[in-house]
Amino acid sequence: GESVGLHLPTLSVQEGDNSIINCAYSNSASDYFIWYKQESGKGPQFIIDIRSNMDKRQGQRVTVLLNKTVKHLSLQIAATQPGDSAVYFCAEGAGTALIFGKGTTLSVSS
Amino acid sequence: GAGVSQSPSNKVTEKGKDVELRCDPISGHTALYWYRQRLGQGLEFLIYFQGNSAPDKSGLPSDRFSAERTGESVSTLTIQRTQQEDSAVYLCASSRNSRGTGNTIYFGEGSWLTVV
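Here is a short report on the structure shown in this document. (Residues numbered from 1 in each chain as written. Chains lettered and ligands numbered in written order. Predicted model: local features only at pLDDT ≥ 70, side-chain atom pairs only at ≥ 80, totals over all residues. Heavy atoms only, no water.)

Here we look at the layout of surface pockets
The space that makes up the largest pocket amounts to roughly 390 Å³. Surrounding the largest pocket, 22 residues form its lining, B:Gln37, B:Arg38, B:Leu39, B:Gly40 and B:Trp112 being those nearest its centre. Elements that contribute at least two residues to the lining of the largest pocket include exactly strand 9 (86–93) of chain A together with strand 8 (88–95) and strand 10 (111–115) of chain B. Partitioning the lining of the largest pocket into residue classes produces eight nonpolar, nine polar and five charged. Considering only enclosed or pocket space, the second largest pocket measures out at about 220 Å³ in volume. Broken down by element, the lining of the second largest pocket gets its largest block of residues, three residues, from strand 5 (residues 45–51) of chain A. Class assignment for the residues of the lining of the second largest pocket results in five nonpolar, three polar and three charged. (1 Å grid on protein atoms, 1.4 Å probe; cavity = no way out; pocket = protein on both sides within 12 Å on 5 of 7 lines; lining within 4 Å. Points joined across faces, edges and corners; volume = space filled by probe spheres on them. Helix = DSSP H or I, 4+ residues; strand = E, 2+ residues; numbered from the N terminus. Nonpolar A, V, L, I, M, F, W, Y, C, P; charged D, E, K, R; others polar.)

As C-alpha cells, then:
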C-alpha cells in the first residue's frame, strides 16, 4: 500500500552544520514530492518540491534529492540555523491527495 | 487574502456536540484540501475539492464527518456528535489547480479542536 516514512524521528545538529533529513516512499507511481516545515503551533510551510522527472532541485539553502530506483527522498539544509528547528514532513502524490509521513524533528543547538 | 485562513483557531467543545470549521482558500485557488493532524502525528487526508467536480471524500473517517464547498470559495468541515478521539488540528490547504500538475499546496494555520 501507499506509505511515506522517515528514517529518523529526531535529528540534532549544531548551528552551522549541514542537515540531511531522509524519507522513504513505497508508491512507485508517485510523481510529485514535497517537503514541508512545521513549527510548533503553526501550519505546515512549503519548503521545496520536486517532480519525478527530476533527481535534484535546489532552493535557498535547501536541496531535495530524489532517487526513484530506491524510492528515497532527502532534504539537505545547508548551514543550519536555530530558526530551522521544526518538524519536517515529506509528502508524496500520485493521485488526488498528498500522503504525509510522520515527520522528523530537527533540533539545532547554538 | 494573502494566505489560507481558518476559523476558529481554537475550539473546545463538549462530547456529543456538533462543530463547524471554516476555511477561506487563497483567492484564485480552485483546489482545496482538508487534513487532520493528531498531536505528534503526521497529516491524515480527509477530503479534496477541485472546482465543480465531485469531491474526493475517501479520507473521511466516519459518517460523522462531512464537508461542503460552494464553487471555488469557502469550505466548511462539519463534525457531528464529536468524540474525544476527534481532538486534533484540522488543517485546510489550497492550490491554484489540481495537485496532479504539481502546483504548490499552501496550508492554513489550522483549527485546534479539543473535545472534552
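After that view of the structure, there is still more to cover.
Details of the state of the cysteines
In a disulfide, the sulfur atoms of two cysteines are covalently bonded to one another. Residue and element names in this part refer to chain A. Considering all chains together, one arrives at two disulfides over all chains under this definition. Paired through a disulfide, Cys23 and Cys90 show a sulfur-sulfur distance of 1.8 Å. For the disulfide bridge between Cys23 and Cys90, the dihedral angle about the S-S bond is near 50°, and by the sign convention the bridge is right-handed. Of this pair, Cys23 sits in strand 3 (residues 19–25) while Cys90 sits in strand 9, placing them 67 residues apart in sequence. According to the relative accessible area criterion, Cys23 is buried, its value standing at 1%. (Disulfide = S-S within 2.5 Å. Buried < 20%, exposed > 50% of the residue type's maximum accessible area, 1.4 Å probe, protein only.)

Focus: the interface of chain A and chain B
Interfaces are often described in size by the accessible area the parts lose on coming together. Facing the 21 residues of chain A at the interface are 21 residues of chain B. Across the chain A to chain B interface the summed buried area is about 1,700 Å²; carbon plus sulfur atoms make up 55%. The tally of links between chain A and chain B comes to zero salt bridges. At the boundary of chain A with chain B, the tally comes to four residue pairs in polar contact (both at pLDDT 80 or more). Going through the elements one at a time, strand 4 (32–38), strand 5, strand 9 and strand 10 (98–100) of chain A are the ones with two or more residues in the side of chain A that touches chain B. Class assignment for the residues of the side of chain A that touches chain B results in nine nonpolar, seven polar and five charged. (Contact = heavy atoms within 4.5 Å. Buried area = accessible area lost by both parts, 1.4 Å probe. Salt bridge = Lys/Arg side-chain N within 4 Å of Asp/Glu carboxyl O. Polar contact = N/O pair within 3.5 Å; in protein donor to acceptor, adjacent residues only side chain to side chain.)

Thoughts on the pairing of strand 2 (residues 10–14) of chain A
All names here are of chain A. The side-chain alternation of strand 2 yields one buried face, formed by Leu11 and Val13, and one unburied face, formed by Thr10, Ser12 and Gln14. As defined by bridge partners, strand 2 adjoins strand 11 (residues 104–109) across five bridges and the pair is classed as parallel. Bridging across to strand 11, Thr10 finds its partner in Thr105. (Pairing = 2+ DSSP bridges.)

So, the pattern of salt bridges
Overall, the coordinates contain seven salt bridges over all chains when judged by the stated rule. Between A:Asp49 and A:Arg57 there is a salt bridge whose closest N-O contact spans 2.2 Å. On the accessibility criterion, A:Arg57 (36% relative accessible area) is partly exposed. The structure contains a network of salt bridges with shared partners spanning B:Arg36, B:Arg38 and B:Glu44.

Looking at the packing of aromatic side chains
A full pass over the atoms with the stated rule returns ten aromatic pairs over all chains. Seen in terms of ring centroids, A:Tyr36 and A:Phe46 are 6.3 Å apart; in terms of plane orientation they differ by 80°. Their pairing is edge-to-face. In this pair, A:Tyr36 is assigned in strand 4 and A:Phe46 in strand 5, connecting sequence segments ten residues apart. Judged by its relative accessible area of 25%, A:Phe46 is partly exposed. Their ring planes at 55° and their centres at 5.8 Å tell us that B:Tyr35 and B:Phe107 sit as a pair that is tilted. (Phe/Tyr/Trp six-rings, centres within 6.5 Å; stacked < 30°, edge-to-face > 60°.)

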